[in-house]
Structure formats: C-alpha cells, structure tokens
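The primary structure of each chain is shown beneath.
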Amino acid sequence: VKKAWRNRFASKEWSNADYLEHWKANCVITPSGCWEWQGFCYRFRNIKPGQRGYAAGCYRGKGVRISRIIAGWKLGRPLTRSEVGMHDCDNHPCINPDHISPGTQKQNKLDEVARGRSFYANKTHCKHGHEFTSENTWHTTQRDDRPRRVCRECSRIKGREVWKKRGKETTARRRIRRQQLRAASLQLPTVKDP
Ligand SMILES: [Zn+2]
Ligand SMILES: [Zn+2]
C-alpha cells in the first residue's frame, strides 16, 4: 500500500486526465453543474468576505490555481502572466472544465462589464453624487491610456473655485496692464504694481 501511495503521489507520470479525476474527487457537484473545490482556496484581493477563493491544488510538484491549469489545457500551452482562466459560472472555487475558458484579463473585464459585475462600470454616480448621464460624462484617457469617466459637474465646480482664487488676480493684473498701455500711449508716468 505504501508503495502504491508513493507511485500515485510522487511520480510525475500522471496524465492530465489523472489529475482531473483526482481533483474532481475533492469536489462537491452543485445543481448548477459546478465542481466546487472543498480544499484550500487562494483568496486574492477580489474575493469579498463570505465568498470562497480559487481552488488551490498540486500539479506536477507545484502549488497551482487549478482553474489556470485547466484553462492551459484548453489552450494547449501554459497561461502567460497576462492570461487568465475565466469562469463562465462566476463561481471562483469551481473547477469544471466546461465552465472555464482561457482568455486575457481584458476579455475577462469586458465580460464582467457585460454581466454587470464590474465595480467601476456599475457606478451610476460620481463620488459627489452627480449622475453619469451622457451630458454629464466626459469620456477621456487623460494621463494614461486607460479610458475613464469624468463628471462634468465636478469639473465645473472645480473650475469655478480656481477662477475664484486666480481669476480676481488676473483681472487686477489686466487692469494694471491696460492702465500701463494707456499711460505709455499718453507718455505719462506708469502706474506701479500694487
Ligand atoms: Zn462552475
Ligand atoms: Zn460630480
């Protein structure tokens, strides 16, 4: 028995199907068809309290996220850093190969927006409570290439504050410059800056 145990767990001759069978034995199959991992789950930042993380398993001597390995099998090569295993069922501990597809993080996020699960895309109001209507929203890629929504009402308020601070100063300066020009044309002594 001991030898068999060793052969089973220490050899690297396991096929992917063997791994899948081994992992499936550690899952509970839900009515929706998800294979929910019962072992340890990686909890990353996106995992909220009360949710479970991503199935953590051992594959060819390494600790892995099982969903990523399964997505790699579908792709025919290991995933790169920019690629992810996307869950079609939105259930993080699920390792059913039918629910996992390989994709880029961009695809994953667009998918999230389409399903209404995106935190930022679901925001309907800016942080000062103005609604993101089509008139009130400025779609921009300022500073970097990431598109974002800017609240026009907030920009207007900010602009007004800036004008209050600096606008008076500029009007005062303009008045002085006009007086200076007039004085020059009349060849009178110039007005000093206050
Ligand atoms: Zn699933
Ligand atoms: Zn606003």
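Here, the structure is the one placed above.
Residues numbered from 1 in each chain as written. Chains lettered and ligands numbered in written order. Predicted model: local features only at pLDDT ≥ 70, side-chain atom pairs only at ≥ 80, totals over all residues. Heavy atoms only, no water.

A. Region of interest: the coordination of the zinc ion (ligand 2). Every protein donor of the zinc ion (ligand 2) is accounted for by Cys126 (SG), His130 (ND1), Cys151 (SG) and Cys154 (SG), and the metal-donor separations fall at 2.0 to 2.3 Å. If you look at the zinc ion (ligand 2), its four donor atoms make angles of 106 to 113 degrees with each other, and the shape they trace is tetrahedral. On the primary sequence, the residues serving as donors to the zinc ion (ligand 2) are separated as C-x3-H-x20-C-x2-C. A residue pair is termed long-range when its members are at least 10 positions apart, and Cys126 in the loop between α4 (105-115) and β8 (137-140) and Cys151 in strand β9 (residues 148-151) qualify at 25 residues. (Donors = N, O, S within 2.8 Å, 3.2 Å for Na, K, Ca; no water. Tetrahedral: all angles 85-135°; square planar, octahedral: opposite > 155°, others 65-115°. Helix = DSSP H or I, 4+ residues; strand = E, 2+ residues; numbered from the N terminus.)

B. Quick peek at the coordination of the zinc ion (ligand 1). Each protein donor to the zinc ion (ligand 1) is listed here as Cys34 (SG), Cys89 (SG), Cys94 (SG) and His99 (ND1); together their distances run 1.9 to 2.3 Å. With four donor atoms in place around the zinc ion (ligand 1) and angles of 103 to 113 degrees between them, the coordination shape is tetrahedral. Mapping the donors of the zinc ion (ligand 1) onto the primary sequence gives the spacing C-x54-C-x4-C-x4-H. Here Cys89 is found in the loop between β6 (83-87) and β7 (100-104), whereas its partner His99 is found in the loop between β6 and β7, with ten residues between them in sequence.

C. Here's a closer look at the sheet that holds strand β5 (residues 62-65). Ordered in space as β3-β4-β5, the three strands form an open sheet in which the pairing is antiparallel. One side of each edge strand has no neighbouring strand; the edge strands of this open sheet are β3 (41-42) and β5. (Pairing = 2+ DSSP bridges.)

D. Looking closely at the nonpolar core. In terms of nonpolar packing, the biggest core is built from 18 residues, with Trp23, Trp37, Tyr59, Ile66, Ile70 and Ile95 touching the most fellow members. Secondary-structure elements contributing two or more residues to this core are α2 (16-24), β2 (35-37), β4 (54-59) and α3 (66-75). The element contributing the most residues to this core is α3, with four residues. (Core = buried A, V, L, I, M, F, W, Y, C linked by side-chain atoms within 4.5 Å. Buried < 20%, exposed > 50% of the residue type's maximum accessible area, 1.4 Å probe, protein only.)

E. Quick look at the packing of aromatic side chains. This model, assessed by the stated rule, comprises ten aromatic pairs. Ring geometry for Tyr19 versus Trp23: centroids 5.6 Å apart, planes at 45 degrees, classification tilted. Placement of the pair is Tyr19 and Trp23 together in helix α2, with a separation of four residues, close to one helical turn. For the residue pair Tyr19 and Trp23, the accessibility class agrees, reading buried in each case. Aromatic ring contacts, followed pair by pair, group Trp14, Tyr19, Trp23, Tyr59 and Trp73 into a single cluster. Above the ring of Tyr54, the side-chain terminus of Arg65 is found at 5.1 Å from the ring centroid. For Arg149, the ring lying beneath its charged end belongs to Phe132, and the centroid distance is 4.5 Å. (Phe/Tyr/Trp six-rings, centres within 6.5 Å; stacked < 30°, edge-to-face > 60°. Lys NZ or Arg CZ within 6 Å of the ring centre and 35° of its normal.)

F. Representation of α3 in the model. Taken residue by residue, α3 has Ile66, Ser67, Ile69, Ile70, Ala71 and Gly72 as its buried positions. Contacts made by the buried residues of α3 are with α2, β2, β4, β5, β6 and β7. (Contact = heavy atoms within 4.5 Å.)

G. Highlighting a positive patch on the surface. Taken together, the side chains of Lys123, Lys127, Arg143, Arg149 and Lys158 define a basic patch exposed on the protein surface. With respect to the helices and strands, Arg149 occurs in strand β9. You can call Arg149 partly exposed: its relative accessible area is 31%. (Patch = residues over 30% accessible without salt bridge, like charges linked within 9 Å, V, L, I, M, F, W, Y side chains within 5 Å. Areas by Shrake-Rupley, 256 points an atom, 1.4 Å probe, with all protein chains shown as cover. Salt bridge = Lys/Arg side-chain N within 4 Å of Asp/Glu carboxyl O. Lys, Arg positive; Asp, Glu negative; His and termini not counted. Charge placed at Lys NZ, Arg CZ, Asp CG, Glu CD.)

H. Inspection of the environment of Ile70 at higher detail. Its location among the elements puts Ile70 in helix α3. Here the alpha-carbon distance between Ile70 and Asn16, two residues 54 residues apart in the chain, equals 9.0 Å. If we ignore the near neighbours within four places in the chain, the residues touching Ile70 are Leu20, Ile95, Pro97 and Ile100.

I. Representation of unusual backbone geometry in the model. Not every positive phi belongs to a glycine, and Arg60 is a case in point at roughly 50 degrees. Residue classification places Arg60 among the partly exposed positions, given a relative accessible area of 39%. The residue Asp90 is not glycine, and still its phi comes out positive at about 55 degrees. Positionally, Asp90 belongs in the loop between β6 and β7.

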